[in-house]
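# Inside the fold
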Amino acid sequence: MKFDILTLFPEMFEPLNQSIIGRAVKNNLLEINLINIRDFSKNKHKKVDDTPFGGGAGMVIKPDVVYDAYKSIEDKNAKVIYMSPQGKKLNQSKVEELSKEEHLIILCGHYEGIDQRVLDKIVDEEISIGDYVLTGGEIPAMVLIDTVSRYKDGVLSKESIEEESFTSGILEYPQYTRPEVFEGVRVPEVLISGNHQNIDKWRKEEALRITSIKRPDLLKK
Ligand code: 4GO
């Protein structure tokens, strides 16, 4: 799966070189390309923004630079996503749907945003990671890439995928590791019993119990 990211701050995406996503990129399971919108400025000072028509605070990213950056990507079949608090709220079912796409282009705004005319021209879908405002779309883009990438074959272990399907749509059961006794507290006895039928049953019950306490709304669906 390929992600092209249109941004004024490509250095902000360094975290994607770490851990599970970083390894998936190195193993060619994912391709993540960073496109610096500033490279498409025709201005001698590499200017990419200007003051808003009608007045008001801050700066607006110019439509022509964004459009030229977009046109530098060959694939006209790719889905273009704009990260915005005005977008549809991201949830796990939206993530699963997006993971079926072969190529996503993610547009990140900054400052007061991007001129509406280029958004109307190129954006297929607006997505929000939650009801709050950030200084830019870069962190939301990383959230989207991380969560979508978890669905691609080979990114997670086979075991973690099986475990997740077992309690899908509800919260996860609690995890424990060595030592068996920490600050006087033992791990639940069943987990060291070696009886996998009992362990599975206990985990299922714990997942349901925790969900009913912390997120009862998830059980009503
Ligand atoms: C996305 C972008 C919040 C989100 C953003 C979100 N803030 N909730 N800020 O997903 C255009 C300029 C939007 C700054 C950007």
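Residues numbered from 1 in each chain as written. Predicted model: local features only at pLDDT ≥ 70, side-chain atom pairs only at ≥ 80, totals over all residues. Heavy atoms only, no water.

This part takes up the overall build of the chain. The secondary structure content of the chain amounts to seven helices and nine strands. The globule rule puts the C-alpha radius of gyration for 221 residues at 17 Å, and the 22 Å found for the chain is more than 25% above it. Overall, the chain is about 70 × 40 × 35 Å in size when its C-alpha atoms are taken along their principal axes. Classification of the 221 residues of the chain by burial places 38% in the buried group. Long-range pairs, those at least 24 residues apart, make up 75% of the contacts in the chain with a sequence separation of at least 6. As displayed, the chain offers around 13600 Å² of accessible surface, 51% of which is attributable to carbon and sulfur atoms. (Helix = DSSP H or I, 4+ residues; strand = E, 2+ residues; numbered from the N terminus. Rg over C-alpha atoms; globule rule 2.2 N^0.38 Å. Buried < 20%, exposed > 50% of the residue type's maximum accessible area, 1.4 Å probe, protein only. Contact = heavy atoms within 4.5 Å. Areas by Shrake-Rupley, 256 points an atom, 1.4 Å probe, with all protein chains shown as cover.)

This next bit is on the domain arrangement of the chain. By domain assignment, the chain separates into domain 1 (2–156) and domain 2 (163–220). Put simply, the middle of domain 1 and the middle of domain 2, counted by C-alpha atoms, are 37 Å apart. (Domains from an automatic or database assignment.)

The subject of this paragraph is the layout of surface pockets. Of the voids in this model, the largest pocket is the one considered here, and its volume is about 760 Å³. Taken domain by domain, the makeup of the lining of the largest pocket includes at least three residues from each of domain 1 (2–156) and domain 2 (163–220). The space that makes up the second largest pocket amounts to roughly 490 Å³. As for the second largest pocket, its lining consists of 27 residues, and the residues nearest its centre are Y82, M83, S84, P85 and G113. Looking at the lining of the second largest pocket, the elements that each hand over two or more residues are β5 (79–89), α4 (116–122) and β7 (125–128). In terms of residue count, β5 provides more of the lining of the second largest pocket than any other element does, five residues in total. Residues belonging to the lining of the second largest pocket are distributed by class as follows: 13 nonpolar, 11 polar and three charged. (1 Å grid on protein atoms, 1.4 Å probe; cavity = no way out; pocket = protein on both sides within 12 Å on 5 of 7 lines; lining within 4 Å. Points joined across faces, edges and corners; volume = space filled by probe spheres on them. Nonpolar A, V, L, I, M, F, W, Y, C, P; charged D, E, K, R; others polar.)

Moving on: helix α7 (residues 196–214). Look at α7: 26 Å from first C-alpha to last across 19 residues, which is about the 27 Å you get at 1.5 Å a residue. Within α7, the full set of buried residues consists of I199, W202, E206, A207, I210 and T211. Down the axis of α7, the smallest arc covering the buried residues is 160 degrees, so these residues share one side. For α7, the exposed residues set more than 90 degrees away from the buried face come down to Q197 and K201. You can read the cap of α7 off the contacts: a side-chain oxygen lies 3.1 Å from the backbone nitrogen of Q197, and it is on N195. (Expected span 1.5 Å × (residues − 1). Arc of directions from axis to C-beta. Polar contact = N/O pair within 3.5 Å; in protein donor to acceptor, adjacent residues only side chain to side chain.)

The ligand sits among 18 residues. The nearest are S128, I129, G130, Y132 and L134. A distance of 3.3 Å separates a nitrogen atom of the ligand from a polar atom in the side chain of S128. Here a nitrogen atom of the ligand sits 3.1 Å away from a polar atom, N or O, in the main chain of Y132. With the chains in place, 95% of the 380 Å² that the ligand exposes on its own is no longer accessible. By residue number, the principal contributor to the shell around the ligand is β5, which donates four residues. (Near = heavy atom within 4 Å.)

Let's shift gears to the nonpolar core. Ranked by internal contacts, the top residues of the largest apolar core, which has 23 residues, are F3 and L144. Listed by contribution, the elements that provide at least two residues to this core are β1 (2–7), α1 (19–26), β5, α3 (92–98), β6 (103–107) and α5 (138–149). Tallying contributions element by element places α5 first for this core, with five residues. Discounting residues that sit within four places of it in the chain, L144 has contacts with I81, M83, L90, L98 and I106. I35, V66, I73 and I122 belong to the second largest nonpolar core, which has 20 residues in total. (Core = buried A, V, L, I, M, F, W, Y, C linked by side-chain atoms within 4.5 Å.)

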